[in-house]
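Commentary on secondary and tertiary structure
Spelled out, the chains give:
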There are 2 protein chains.
Amino acid sequence: MSVTIKDVAQRAGVSISTVSRVINNSKPVSNEIRQRVLQIIEETGYTPNPVARSLVMKKSQLIGVIVPDISNFFIGEILNGIEEIGKMYTYDILLCNTYGDLEQELRYLKLLKGKQVEGIVLMTWDLQDKLIDYLTDCEVPVVLINRNTSRLDVPSVSIDNFQASYDMTTYLIQNGHKEIALIRNSLDSNTFCMDQYNGYKKALEENGIEINENLVQFGNFKLDKAYEIVKEWIHSDKLPTAIFATSDTMAIGAINCLLDHGFQVPNDVSVTGFHDTKMASFYRPTLTTIRQPLYDMGAVAIRMIIKIINKMEVNEKVVILPHELVERKSSGPAYL
Amino acid sequence: MSVTIKDVAQRAGVSISTVSRVINNSKPVSNEIRQRVLQIIEETGYTPNPVARSLVMKKSQLIGVIVPDISNFFIGEILNGIEEIGKMYTYDILLCNTYGDLEQELRYLKLLKGKQVEGIVLMTWDLQDKLIDYLTDCEVPVVLINRNTSRLDVPSVSIDNFQASYDMTTYLIQNGHKEIALIRNSLDSNTFCMDQYNGYKKALEENGIEINENLVQFGNFKLDKAYEIVKEWIHSDKLPTAIFATSDTMAIGAINCLLDHGFQVPNDVSVTGFHDTKMASFYRPTLTTIRQPLYDMGAVAIRMIIKIINKMEVNEKVVILPHELVERKSSGPAYL
DNA sequence: TTGAAAGCGCTAACAT
DNA sequence: ATGTTAGCGCTTTCAA
């Protein structure tokens, strides 16, 4: 049996409320008594039971984090930010992995509420309508990372995906590319994927390049899928001079396929990614990509949730963090 | 205010004990009443408050997981296993990131105990004595992943690092290599790093190859460190024909350095890794490495903790999972 | 089969 | 400044 507030009170010859006061510094306690209590606490190694505390205060000091894949490079770095800043404010992280499955997401959302978490940070590949419906009347505050939707007044943190995509496409155009493929993700209009597509489109339009829908494919964040897409282009002899994949993993899939088929990157084809995960600099050729402040995204999200929990003022509910085009070795001038 | 057991009891016209009985199936309840209660629960959307339950049952259904780096490829995959199997047994994961810092590890160990977790899964780069001391009289059950020590009777799950290292070294020898470098990690004799070194040594000895201590360096799991080590060999003209790095990340660091200096892999130098993270097959050349069943290691560890928590019999406290040498494109015959 | 009541460890009125 | 007491929402004896 571990030692309780009662034991401490008894041994110190005071009431439990006094002990409570000294551990919480909630009300004045005479110095003499405070010292005695502190001493006993020290001696016994007493630590307050947070479960009991949660029960009465209705505060669990727990924040739920729902992610689609812990082992994803991109997500891992965000989690670092969430975890570190959370701990800094004495919140703990309850981690849930959904594999991107909507049913799981819904299940965990309920489960976390049941667990009395005070807030939830939600990441999902695909912000589906059913999820939005649920979020709409969810009493627990939720912050989305890298998703937002006009359908919903939920706080979120992300980068300007439209602009980033526009920047990357423009960069490729400036390098002389005219056939620029896009390997994008979900069709889901609630997410940034659409923004990315629109940024791509705008850059092409501004430069008088017509969109070739055959060069716009859905990769679903998967390396293998991107590989297959490129293979298909190669086999049908429709290989573009540049491929812009909206994740580093897909970009690597694309490059691997090109390499395996005897093409050179960037000499034959330029390939660019998105995210700037560690992979982007580990891999050879190093990847030209869009740097997202991953750690910061996690940090900002959790900070926002904590502010909301504590009813502090939140200046902007939709936070846009800066991005940056990082030019490395996987892209270059178009072969003319 | 959310609905409590009291509300349900009232609306069903029964006592709270009866409600408790139906939700827990703990004692017989007449069918009629059971139905009525179930109905009310359905109507009200009542879910039991796990915090209150924890308080009386002294079971939090929480398992603490302490890791040195969430965003590490290796760890992410293990976490997937921990999370999924944990959830399967209705346990939740409280995640703590230490950046490998001993003080943090100690801090979190205490914090988790305070949070009433029922068990802890601990991963650390370096199993230091101070940590072992602490674990020795820690009332909460702990399972180590990929570490164990004779100093301590703590359950653990890992692979046979000695054998794996022996296998890899032998493989390289069989490919005609005689100058085989080892990029290893900590000196810490409590961890597998020593086993790896010993496996390497034994393979060399068995084949009558003398150890060249200059070719045994400490990389500390870091890509950059491995890069520097190889650079040093190149500059001092002591490049071996094979490099065995005890992590994929370090192997990639080594290859990157070789590539950057105009060497070919595996034509000039063979490089092999350890872990078989996703990186190993993403990267080009694909890495010859030791496959560890990462997901399974997490799964087994959490299963073990749950068994211990529930006082079930645990057959073996030190679980050794099978490994496998995966031959890919980063290694080949020695240049003769 | 059901209900009343005690108590898990704590906080926060309220009373002194 | 300190103590008494009533809960927080639940499980679990004990009695009926």
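Residues numbered from 1 in each chain as written. Chains lettered and ligands numbered in written order. Predicted model: local features only at pLDDT ≥ 70, side-chain atom pairs only at ≥ 80, totals over all residues. Heavy atoms only, no water.

Describing the sheet that holds strand β9 (residues 270-272) of chain B
All names here are of chain B. Overall, parallel pairing links the four strands, which are arranged β7-β6-β8-β9 in an open sheet. Taken across any chain shown, the strands that pair with only one partner, and hence form the sheet edges, are β7 (216-218) and β9. In this sheet, neighbouring strand axes are inclined to one another by 15° on average, regardless of whether the strands run parallel or antiparallel. Sheet strands touched by helix α10 (residues 223-235): β6 (180-184), β7 and β8 (242-245). Its angle to β6, the strand with the most contacts, is close to 150°. Packed onto the sheet, helix α11 (residues 248-260) meets β6, β8 and β9 and runs at close to 160° relative to β9. (Pairing = 2+ DSSP bridges. Helix = DSSP H or I, 4+ residues; strand = E, 2+ residues; numbered from the N terminus. Axes fitted to C-alpha atoms, helices over the stretch in contact; angles between N-to-C directions. Contact = heavy atoms within 4.5 Å.)

A word on the protein's contact with DNA strand C
Ile5(A), Tyr46(A), Thr18(B), Arg21(B) and Ser30(B) are the nearest of the 28 residues found near DNA strand C. A distance of 2.9 Å separates a phosphate oxygen of DNA strand C from a polar atom in the backbone of Asn49(A). Looking at the surface near DNA strand C, the element that brings in the most residues is helix α2 (residues 16-24) of chain A, giving six residues. Looking at the surface near DNA strand C, its residues break down into 15 nonpolar, nine polar and four charged. (Near = heavy atom within 4 Å. Polar contact = N/O pair within 3.5 Å; in protein donor to acceptor, adjacent residues only side chain to side chain. Nonpolar A, V, L, I, M, F, W, Y, C, P; charged D, E, K, R; others polar.)

Brief notes about the environment of Met279(B)
For Met279(B), the location among the structural elements is in helix α12 (residues 278-282). For Met279(B), a relative accessible area of 1% gives the class buried. (Buried < 20%, exposed > 50% of the residue type's maximum accessible area, 1.4 Å probe, protein only.)

Regarding the side chain of Asn185(A)
All names here are of chain A. Turning to its location among the elements, Asn-185 is positioned in the loop between β6 (180-184) and α9 (192-206). Only 3.1 Å separates the side chain of Asn-185 from the backbone nitrogen of Asn-220, close enough to count as a polar contact. Beyond its immediate stretch of four places on either side in the chain, Asn-185 contacts Cys-193, Phe-218, Gly-219, Asn-220, Phe-221, Thr-246 and Met-250.

Here's the deal with the protein's contact with DNA strand D
As a matter of local geometry, DNA strand D sits amid 30 residues, with Ser17(A), Arg21(A), Ser30(A), Ile5(B) and Tyr46(B) nearest to it. Expressed as a percentage, the sugar and phosphate content of the atoms of DNA strand D within 4 Å of the protein is 66%. Ile5(B) is positioned with one of its backbone polar atoms (N or O) 2.4 Å from a phosphate oxygen of DNA strand D. Between Ala52(B) and DNA strand D, the recorded distance is 3.4 Å, taken from a backbone N or O atom to a base nitrogen.

Regarding the interface of chain A and chain B
Facing the 48 residues of chain A at the interface are 48 residues of chain B. Buried area between chain A and chain B, both sides added, is near 4200 Å², and the carbon and sulfur share of it is 62%. Remark: the boundary between chain A and chain B carries six salt bridges. Between Lys115(B) and Asp92(A) there is a salt bridge; the shortest N-O distance is 3.4 Å. Taken together, chain A and chain B are joined by 26 residue pairs in polar contact (both at pLDDT 80 or more). Those elements giving two or more residues to the side of chain A that touches chain B turn out to be α4 (50-57), α5 (73-88), β2 (92-97), α6 (102-114), α11 (248-260) and α12 (278-282) of chain A. It is α5(A) that provides the largest number of residues to the side of chain A that touches chain B, a total of eight residues. Within the side of chain A that touches chain B, the residues separate by chemical class into 23 nonpolar, 14 polar and 11 charged. In this structure, β2(A) lies alongside strand β2 (residues 92-97) of chain B, joined through three bridges in antiparallel fashion. Across the sheet, the residue bridging to Leu95(A) is Ile93(B), located in β2(B). (Buried area = accessible area lost by both parts, 1.4 Å probe. Salt bridge = Lys/Arg side-chain N within 4 Å of Asp/Glu carboxyl O.)

Observations concerning the relation of the copies chain A and chain B
Take chain A, turn it by 180°, move it 0.1 Å along the axis, and it overlays chain B with an RMSD of 0.2 Å. Viewed as a symmetry operation, the transformation between the two copies matches a two-fold axis. Rotation axis and chain A: the residue whose C-alpha lies nearest the axis is Leu94(A), separated from it by 2.4 Å. Comparing interface residues between copies, 100% of those in chain A also sit at the interface in chain B, which points to an isologous, same-surface contact. (Least-squares fit on C-alpha atoms with pLDDT ≥ 70 in both.)

Observations regarding α5(A)
Here α5(A) contains 16 residues, and its C-alpha end-to-end distance of 23 Å stays within 8% of the 22 Å for a straight helix at 1.5 Å per residue. Of all 16 residues making up α5(A), 14 are buried, and the element is well covered by its neighbours. (Expected span 1.5 Å × (residues − 1).)

What to know about the domain arrangement of chain A
If you check the domain split of chain A, you get domain 1 (5-57), domain 2 (62-159 + 294-320) and domain 3 (161-293). Inter-centroid distance (C-alpha atoms) of domain 1 of chain A to domain 2 of chain A is 35 Å. (Domains from an automatic or database assignment.)

Examining the nonpolar core
Of all hydrophobic cores here, the largest spans 100 residues; its most connected members are Ile82(A) and Ile82(B). In this structure, Ile82(B) is in contact with Val65(B), Ile93(B), Val121(B), Met123(B), Ile145(B), Gly298(B), Ala299(B) and Ile302(B), ignoring residues within four places of it in sequence. Judged by nonpolar contacts, the second largest core, of 58 residues, contains Met250(A), Ala280(A), Val269(B) and Ala280(B). (Core = buried A, V, L, I, M, F, W, Y, C linked by side-chain atoms within 4.5 Å.)

Some points on a nonpolar patch on the surface
The grouping of Leu55(A), Val56(A), Met57(A), Leu55(B), Val56(B) and Met57(B) at the surface amounts to a nonpolar patch, some 580 Å² of accessible area in total. Elements with a contribution of two residues or more to the nonpolar patch: α4 of chain A together with α4 (50-57) of chain B. Tracing the backbone shows Val56(A) in helix α4. Val56(A) gets classed as exposed once you look at its relative accessible area, which sits at 64%. (Patch = residues over 30% accessible without salt bridge, like charges linked within 9 Å, V, L, I, M, F, W, Y side chains within 5 Å. Areas by Shrake-Rupley, 256 points an atom, 1.4 Å probe, with all protein chains shown as cover.)

Examining the sheet that holds strand β7 (residues 216-218) of chain A
Residues and elements named next belong to chain A. If you trace the four strands from one edge of the open sheet to the other, you get β7-β6-β8-β9, paired in parallel fashion. Here the strands that pair on one side only, and so sit at the sheet edges, are β7 and β9 (270-272). Sheet twist, expressed as the average angle between the axes of neighbouring strands with direction ignored, equals 15°. Taken together, the three bridges between strand β8 (residues 242-245) and β9 define a ladder with parallel strand orientation. Looking at the pairing, Ile-243 lines up with Val-271 of β9. Running at roughly 160° to β9, α11 makes contact with β6, β8 and β9 of the sheet.

Comments concerning the packing of aromatic side chains
For the structure on display, the rule yields 10 aromatic pairs over all chains. Arranged with centres 6.4 Å apart and planes meeting at 35°, the rings of Tyr197(A) and Tyr200(A) form a pair that is tilted. Of the two residues, Tyr197(A) and Tyr200(A) both sit in helix α9, three residues apart, roughly one turn of that helix. As far as burial versus exposure is concerned, Tyr197(A) and Tyr200(A) are alike and both buried. Every member of this aromatic cluster is reached through a ring pair, and the members are Phe73(A), Phe282(A), Phe73(B) and Phe282(B). Stacked on the ring of Tyr108(B), the Lys or Arg Lys87(A) has its end atom at 4.9 Å from the ring centre. Between Lys278(A) and the ring centre of Phe73(B), over which it is positioned, the NZ or CZ distance is 5.9 Å. (Phe/Tyr/Trp six-rings, centres within 6.5 Å; stacked < 30°, edge-to-face > 60°. Lys NZ or Arg CZ within 6 Å of the ring centre and 35° of its normal.)

Let's talk about the pairing of β6(B)
Residue and element names in this part refer to chain B. With five of its five residues buried, β6 lies for the most part within the structure. One ladder, built from four bridges, connects β6 with β8; its direction is parallel. Within β8, the position partnered with Leu-182 by the bridge is Phe-244. Pairing geometry for β6 and β7, over three bridges, is parallel. When the sheet's bridge partners are listed, Arg-184 is paired in β7 with Phe-218.

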